[in-house]
Amino acid sequence: MTLIEKAEVAVQDTPLVPIEKVVSLCKRRGFVYPNSEIYGGVSGIYDFGPLGVELRNNIRRFWWWSMVQTNDNVVGIEGSIITHPRVWEASGHVENFVDILVDCKKCKRRFRLDHLPPENQQQNKCPECGGELTEPRRFNLMMETYIGVVEGDKMKTYLRGEACQNIYLDYDNVLKSSRQQIPFGICQIGKAFRNEVTPGNFLFRQREFEQWDLQFFVHPSEMTKWFEYWKEFRFEWYKGLVNHKDRLRLRPHASDELAHYAKQAFDVEYRTILGWQEWEGIHWRQDWDLSRHSEYSGQDLSYTDQETKERYIPWIVETSGGVDRTFLNLLLDAYEEEPDPVGKEPRTVLRLHPWIAPVKVAVLPLQKNKPELVERAKGLYKQLQRVMVAQYDDISNIGRRYRRQDEIGTPFCITIDFQTLDDGTVTVRERDGMTQIRLPLDEIKRYLLERVNWNY
Ligand code: GAP
């Protein structure tokens, strides 16, 4: 049994969740806030609140653990957001990283040409109001910035448009400073910036977002083998995280979608209220990146095989996904409203994987005006807080407190009640089935560590 199977949660099929429900939950409970809200906000840029940052860190840590720490032939780096401007000439972004956009002359809405339905493209018609569209215009997505203090002497460069470029820049240094030999991979998680023409759908399309990349360097003769390997690995990885596995698929790119150097590419796609959408891309990058950086920098980035003495530019398999899309998709996957068997209001529950849930456990004294219960509860809370994210809650009745925890995805609540004072046992209430069992107080830490930590 794999680790992922060990903690899997069985979930019924449920209707697709409107994005607005998740946006509202995120603001109300401190997952995500609009950036600079007091100034009216900035389209396509968000901040993460107290629970959001925990969830985000868990998602990142899980990726890092399964990609870097448990793969002997993969190492990690953390590159800078700003690089030499030539990098973006070599990568092709300065010339080609463009969206083609059109405006409606009547309602003034703006669209990406490739996002318009085919009939609207052919008839040059706005999909919203039927108005006439302007001629298509090219719009570069790179965000410009300047290095230097003296006006006139400043160097124009860019906030990175994709995080993976740092990996090619550091490839030679990693090779020389680690004991890796081809085949091997370099991973990174980092921010990327794009002046998206049509940011929207909450975290789905932003102007500042975070990517996770693996660039795996291989001998050309082994490209197919490794491409297949990582494609399956990444698909299974996502499958282990979502409840609704039927909403996940691998879609091969059609020939007109492929980059000029790619023989094949696949998207891991997830179905939400927005339809089937890309979550991660598995790309056949061939020798494009290292060849271009060799050419533009003048540094030879070819590799010499120690045994055969063969010299070649390594080919690359890329797996490139988004932390923010993962955040959004996991919330859409986990969010559920169901009739409450006890109360009148429907129960909102986030069926997040226990490893990913921002808060692992809530400790609740049955009554806050009973010092003997409060003392036991606080003692347990302090003990658990050292090994996992825990909350202590004594506000309002126990039913309400359970609901508050369900809504943020806390997999376990521990209630200290009067029986605890008699026999030293506590109630362990589980989020998904709302089942309750009793366990001795001194077994709780071990029990929870086994249930909520993947690398325990
Ligand atoms: N290095 C390859 C690359 O950047 P990409 O398909 O442009 O490929 C990879 O981006 C992933 O980054 C996407 O699958 C998506 O998860 C995420 N992503 C891309 N643009 C995004 C945006 N504007 N907002 C949020 N996530 C985005």
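Now for a description of the structure that goes with this document.

On to the overall build of the chain. Helices and strands together make up the secondary structure of the chain, namely 14 helices and 23 strands. The C-alpha extent of the chain, read off along each of the three principal axes, is 75 × 65 × 50 Å. In the chain, buried positions account for 50% of the 456 residues. Taking as baseline every contact in the chain between residues at least 6 positions apart, the subset at least 24 positions apart corresponds to 65%. Here the chain contributes 62 positively and 68 negatively charged side chains, and the mean placements of these two sets differ by 4 Å.

Before going further, it helps to examine the site of the ligand. Among the 20 residues in the neighbourhood of the ligand, the closest are listed as Glu162, Arg194, Gln206, Glu278 and Trp279. Take Gln206: an N or O atom from its main chain is 2.8 Å from a nitrogen atom of the ligand. A distance of 3.0 Å separates an oxygen atom of the ligand from a polar atom in the side chain of Gln211. Within the complex, the protein chains bury 91% of what would otherwise be the 550 Å² of accessible surface of the ligand.

Another aspect to go through is the pattern of salt bridges. Enumeration according to the criterion identifies 40 salt bridges in this entry. Of the charged contacts in the structure, one is a salt bridge between Glu337 and Lys21, with a shortest N-O distance of 3.1 Å. Here Glu337, found in strand 17 (residues 335–338), pairs with Lys21, found in helix 2 (residues 19–29); they are 316 residues apart in sequence, far enough to count as distant. Judged by its relative accessible area of 38%, Glu337 falls in the partly exposed class. Lys239 is paired through a salt bridge with Glu236; the nearest N and O atoms lie 3.5 Å apart. Residue Lys239 and its partner Glu236 are both found in helix 8 (residues 223–241); the two are separated by 3 residues, about one turn of the helix. What makes Glu236 partly exposed here is its relative accessible area of 40%.

Considering only enclosed or pocket space, the second largest pocket measures out at about 500 Å³ in volume. Lining the second largest pocket are 20 residues, with Asp340, Glu345, Gly399, Arg400 and Arg403 positioned closest to its centre. Top element by residues in the lining of the second largest pocket is helix 12 (residues 398–408). It accounts for 7 residues. Within the lining of the second largest pocket, the residues separate by chemical class into 6 nonpolar, 5 polar and 9 charged.

Take helix 10 (residues 323–334) next. For helix 10, with 12 residues, the first-to-last C-alpha span of 16 Å sits near the 16 Å given by 1.5 Å per residue. Along helix 10, 12 of the 12 residues are buried, which leaves the element largely enclosed by surrounding structure.

On to unusual backbone geometry. Negative phi is the rule for most residues except glycine; trans is the rule for most peptide bonds. With an omega dihedral of 10°, the bond running from Ile182 to Pro183 counts as a cis peptide bond. For Pro183, the position within the fold is in the loop between helix 7 (165–177) and strand 9 (184–193). Residues other than glycine seldom take positive phi values, yet Ser36 does so here, at roughly 50°. In this fold, Ser36 is placed in the loop between strand 1 (32–34) and strand 2 (46–48). Although it is not a glycine, Ser396 sits at a positive phi angle of roughly 70°. Structurally, Ser396 can be placed in the loop between strand 20 (390–392) and helix 12.

Turning to the environment of Leu169, a few remarks are in order. Examined against the element boundaries, Leu169 turns out to sit in helix 7. Here Leu169 falls in the partly exposed class, since its relative accessible area comes to 33%. Not counting the four nearest positions on each side in its chain, Leu169 is found in contact with Thr83, Val87 and His293.

A separate point is the state of the cysteines. Summed over all chains, the structure comprises 0 disulfides. The structure places no disulfide on Cys164, whose sulfur is separated from the nearest cysteine sulfur, that of Cys187, by 12 Å. A relative accessible area of 1% places Cys164 in the buried class.

Attention now moves to helix 2. Structural remark: α-helix, 3.6 residues per turn; residues separated by three or four positions point the same way. Taken together, the buried positions of helix 2 are occupied by Ile19, Val22, Leu25 and Cys26. Seen end-on, helix 2 carries its buried residues on one side only, within an arc spanning 130°.

Read from one edge to the other, the open sheet built from 5 strands follows the order 20-19-21-22-23, with strand pairing classed as mixed. The outermost strands of the open sheet, each flanked by one partner alone, are strand 20 and strand 23 (436–440). Each neighbouring strand pair of the sheet contributes to a mean axis angle of 25°, computed without reference to strand direction. The pairing of strand 22 (residues 425–430) with strand 23 spans 5 bridges and is antiparallel. If you follow Thr425 over to strand 23, its bridge partner there is Pro440.

Bringing the nonpolar core into the picture now. Ranked by internal contacts, the top residues of the largest apolar core, which has 59 residues, are Val22 and Phe31. Sequence-distant contacts of Val22, that is, excluding residues within four places in its chain, are made with Val17, Phe202, Leu328, Leu331, Leu332 and Tyr335.

The next subject is the sheet that holds strand 10 (residues 208–218). Sheet architecture is open: 7 strands sit in the order 3-9-10-16-13-12-11, paired in mixed fashion. With partners counted over all chains shown, the strands left at the sheet margins are strand 3 (74–76) and strand 11 (248–252), one partner each. On average, adjacent strands in this sheet sit at an angle of 25° to one another, irrespective of strand direction. For strand 13 (residues 275–286) and strand 16 (residues 315–322), the ladder comprises 6 bridges, and the chain directions are antiparallel. Bridging across to strand 16, Gly281 finds its partner in Ser320. The strands touched by helix 3 (residues 50–69) are strand 3, strand 9, strand 10 and strand 16; relative to strand 9, the strand with the most contacts, the crossing angle is about 160°. This element, helix 7, spans strand 3, strand 9, strand 10, strand 13 and strand 16 of the sheet and lies at about 145° to strand 9.

Basis of the calculations
Residues numbered from 1 in each chain as written. Predicted model: local features only at pLDDT ≥ 70, side-chain atom pairs only at ≥ 80, totals over all residues. Heavy atoms only, no water. Helix = DSSP H or I, 4+ residues; strand = E, 2+ residues; numbered from the N terminus. Buried < 20%, exposed > 50% of the residue type's maximum accessible area, 1.4 Å probe, protein only. Contact = heavy atoms within 4.5 Å. Lys, Arg positive; Asp, Glu negative; His and termini not counted. Charge placed at Lys NZ, Arg CZ, Asp CG, Glu CD. Near = heavy atom within 4 Å. Polar contact = N/O pair within 3.5 Å; in protein donor to acceptor, adjacent residues only side chain to side chain. Areas by Shrake-Rupley, 256 points an atom, 1.4 Å probe, with all protein chains shown as cover. Salt bridge = Lys/Arg side-chain N within 4 Å of Asp/Glu carboxyl O. 1 Å grid on protein atoms, 1.4 Å probe; cavity = no way out; pocket = protein on both sides within 12 Å on 5 of 7 lines; lining within 4 Å. Points joined across faces, edges and corners; volume = space filled by probe spheres on them. Nonpolar A, V, L, I, M, F, W, Y, C, P; charged D, E, K, R; others polar. Expected span 1.5 Å × (residues − 1). Disulfide = S-S within 2.5 Å. Arc of directions from axis to C-beta. Pairing = 2+ DSSP bridges. Axes fitted to C-alpha atoms, helices over the stretch in contact; angles between N-to-C directions. Core = buried A, V, L, I, M, F, W, Y, C linked by side-chain atoms within 4.5 Å.

Read these as geometric descriptors, not functional statements.
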